[in-house]
Amino acid sequence: MWIRKQTTSGAFLLCSGLCLGQVVQAQLGTLPKPSLQALPSSLAPLKTQVTIRCQGPPDVDLYRLEKLRSRKYQDRPVLFIKTMEESFAGCYRCSYQNGTLWSPPSNQLELVATGVYAKPSLSAQPSLAVSQGGDVTLRCQSKYSFDQFALYKEGDTEPHKQSAEQYWANFPITAVTVAHSGIYRCYSFSSKFPYLWSAPSDPLELVVTGEGDAVQAFLLQLLHTLVEVPGEGPTGVKGVGGEEKPEALEGVFIIS
Ligand SMILES: *[C@@H]1O[C@H](CO)[C@@H](O)[C@H](O)[C@H]1NC(C)=O
């Protein structure tokens with residue numbers, strides 16, 4: 001249940017929590033830590049091909065690649081998965097041995113099987129076109145009850161964010177910049193099976209424009225018009241109408 005409370009980038013935290021079960025006995029000598037990665041991606045659609053590769057210095061005696069919280073390991077640096085299945089999903093780690101020394105363990109790699117459940121839908125409120133400095137909320141919505149959602153921006157390796165409701169999650173982006181432009185997809189999954197994810201949502205393209213000032217000016221003008229409509233609202237508000245912009249803003253809220 002602690003997973004629900006995570007507010008920062010979820011995937012890594014999930015892994016570090018779930019992977020505490022096993023520890024490689026590593027003598028921390030002078031050996032550099034190996035790295036572990038999945039290619040083409042650690043998000044592996046079911047039935048596709050994925051390779052897990054442990055990379056350390058050349059000419060060492062033995063590589064060990066293990067799947068945490070299982071009794072599975074192999075003494076080879078590469079695991080080639082020809083057809084991704086649910087049973088391969090999980091958390092991996094590797095190390096290597098040279099002489100009597102073991103290297104420190106690599107980073108933990110989460111291999112996620114995607115396409116296990118139907119895709120959620122991704123939408124943007126109020127609009128897909130946002131002006132710089134504005135706010136937008138991306139909502140990932142599922143037909144089924146999931147407590148975890150992950151949002152990816154194309155080109156990023158880590159999920160943008162992760163949060164939880166019952167059938168949807170909101171990903172608010174405040175003070176939007178041009179860097180937020182791009183293609184987004186989201187996934188839904190259950191904290192009970194953190195490595196089995198839905199298919200990705202259809203892609204959603206967020207367009208950030210530099211027209212922030214123009215839009216703001218238009219809105220202010222609109223607010224003034226509303227405030228100045230004769231006979232509408234309390235008399236006090238009408239008087240304020242043309243004076244200062246902040247006052248006019250407040251006036252509209254009083255009327256509504
Ligand atoms: C592994 O051991 C050999 C023989 O002692 C040594 O030559 C080599 O540099 C070691 N490799 C690393 C990465 O330490």
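Labelled according to an unreviewed UniProt entry, the chain appears under the name Ig-like domain-containing protein, originating from Canis lupus dingo.

Chemist: Can you help me understand the overall build of the chain in this one?
Modeler: Looking only at helices and strands, one finds four helices and 18 strands in the chain. Scored against the burial criterion, the 256 residues of the chain give a buried share of 25%. Put simply, of all contacts in the chain between residues at least 6 apart along the chain, 67% involve residues at least 24 apart.

Chemist: Which parts of the structure should I look at to understand the sheet that holds strand β1 (residues 35-39)?
Modeler: The strands making up a sheet are joined through hydrogen bonds of the backbone, oriented either antiparallel or parallel. Pairing in this open sheet of three strands is antiparallel, and the strands run β1-β3-β6 from one edge to the other. Two strands lie at the open edges of the sheet, namely β1 and β6 (78-81), each paired on one side alone. Strand-to-strand twist across the sheet, computed as the mean angle between neighbouring axes with direction ignored, equals 10 degrees.

Chemist: What am I meant to see in the site of the ligand here?
Modeler: The full set of residues close to the ligand is Leu31, Pro57, Val60, Asn98 and Gly99. When its residues are assigned to classes, the shell around the ligand shows three nonpolar, two polar and no charged.

Chemist: How should the nonpolar core be read in this particular structure?
Modeler: A general tendency of soluble globular proteins is for nonpolar side chains to be buried together. Core analysis: the largest hydrophobic core is formed by 36 residues, its most contacted members being Tyr92, Leu111, Val112, Leu138, Phe149, Leu151 and Cys186. Among the secondary structure elements, those contributing two or more residues to this core are β2 (43-45), β3 (50-55), β7 (90-98), β9 (109-117), β12 (136-141), β13 (148-153), β15 (168-173) and β16 (182-189). When residues of this core are sorted by domain, at least three fall in each of domain 1 (2-115) and domain 2 (118-209).

Chemist: Would you mind showing me how to read the sheet that holds β12 here?
Modeler: Spatially, three strands are ordered β10-β12-β15 in an open sheet, and the strand pairing comes out antiparallel. Each edge of the open sheet carries a strand with a single partner, namely β10 (121-125) and β15. Strand-to-strand twist in this sheet, taken as the mean axis angle between neighbours without regard to direction, amounts to 20 degrees. In this sheet, β12 lies alongside β10 in antiparallel orientation, the contact comprising five bridges. The residue of β12 that forms the bridge with Leu122 is Cys140.

Chemist: What's the story with unusual backbone geometry in this structure? I'm lost.
Modeler: Excluding glycine, most residues fall at negative phi; most peptide bonds, likewise, are trans. In this structure, Pro40 follows Leu39 across a cis peptide bond, with omega equal to 0 degrees. Looking at the secondary structure, you find Pro40 in the loop between β1 and β2. In the segment running from Gln125 into Pro126, the intervening peptide bond is cis, with an omega of 0 degrees.

Chemist: Explanation requested: the confidence of the model for the chain in the structure shown.
Modeler: Close reading of the predicted structure is inappropriate where its pLDDT is low. Per-chain confidence: the chain averages 78 in pLDDT, with 69% of residues scoring 70 or above. At the low end of the mean pLDDT range in the chain sits helix α4 (residues 245-255), at 29; at the high end sits β6, at 98. Between residues 228-256, whose pLDDT stays under 50, and residues either more than four places distant or in other chains, the model counts 28 contacts.

Chemist: What is the right way to read the environment of Trp102 from this model?
Modeler: As for its position among the elements, Trp102 is in strand β8 (residues 101-102). Taking the C-alpha atoms as reference points, Trp102 and Tyr63, 39 residues apart in sequence, are found 9.6 Å from one another.

Chemist: Even after reading the chapter, I still don't get the environment of Pro203, so can you show me in this structure?
Modeler: Secondary-structure assignment places Pro203 in the loop between β17 (196-198) and β18 (204-209). The class of Pro203 is exposed, set by 12 C-beta atoms lying within 10 Å. Measuring from C-alpha to C-alpha, the distance between Pro203 and Lys153 comes to 9.5 Å, with 50 residues separating the pair along the chain. Filtering out sequence-adjacent residues up to four positions away, Pro203 remains in contact with Ile183, Tyr184 and Arg185.

Chemist: When you look at the environment of Ser70 in this model, what are you seeing that I'm missing?
Modeler: Counting through the fold element by element, Ser70 comes out in the loop between β4 (62-67) and β5 (73-74). Taking the number of C-beta atoms within 10 Å as the measure of exposure, Ser70 has 13 and is therefore partly exposed. In the structure, Ser70 is positioned 21 residues away from Cys91 in sequence and 9.4 Å away in space, judged by C-alpha atoms.

About the criteria used
- Residues numbered from 1 in each chain as written.
- Predicted model: local features only at pLDDT ≥ 70, side-chain atom pairs only at ≥ 80, totals over all residues.
- Helix = DSSP H or I, 4+ residues; strand = E, 2+ residues; numbered from the N terminus.
- Buried ≥ 20, exposed ≤ 12 C-beta atoms within 10 Å, placed from the backbone.
- Contact = placed C-beta atoms within 7 Å.
- Pairing = 2+ DSSP bridges.
- Axes fitted to C-alpha atoms, helices over the stretch in contact; angles between N-to-C directions.
- Near = placed C-beta within 6 Å.
- Nonpolar A, V, L, I, M, F, W, Y, C, P; charged D, E, K, R; others polar.
- Core = buried A, V, L, I, M, F, W, Y, C linked by C-beta atoms within 7 Å.
- Domains from an automatic or database assignment.
- pLDDT = per-residue confidence, 0-100.

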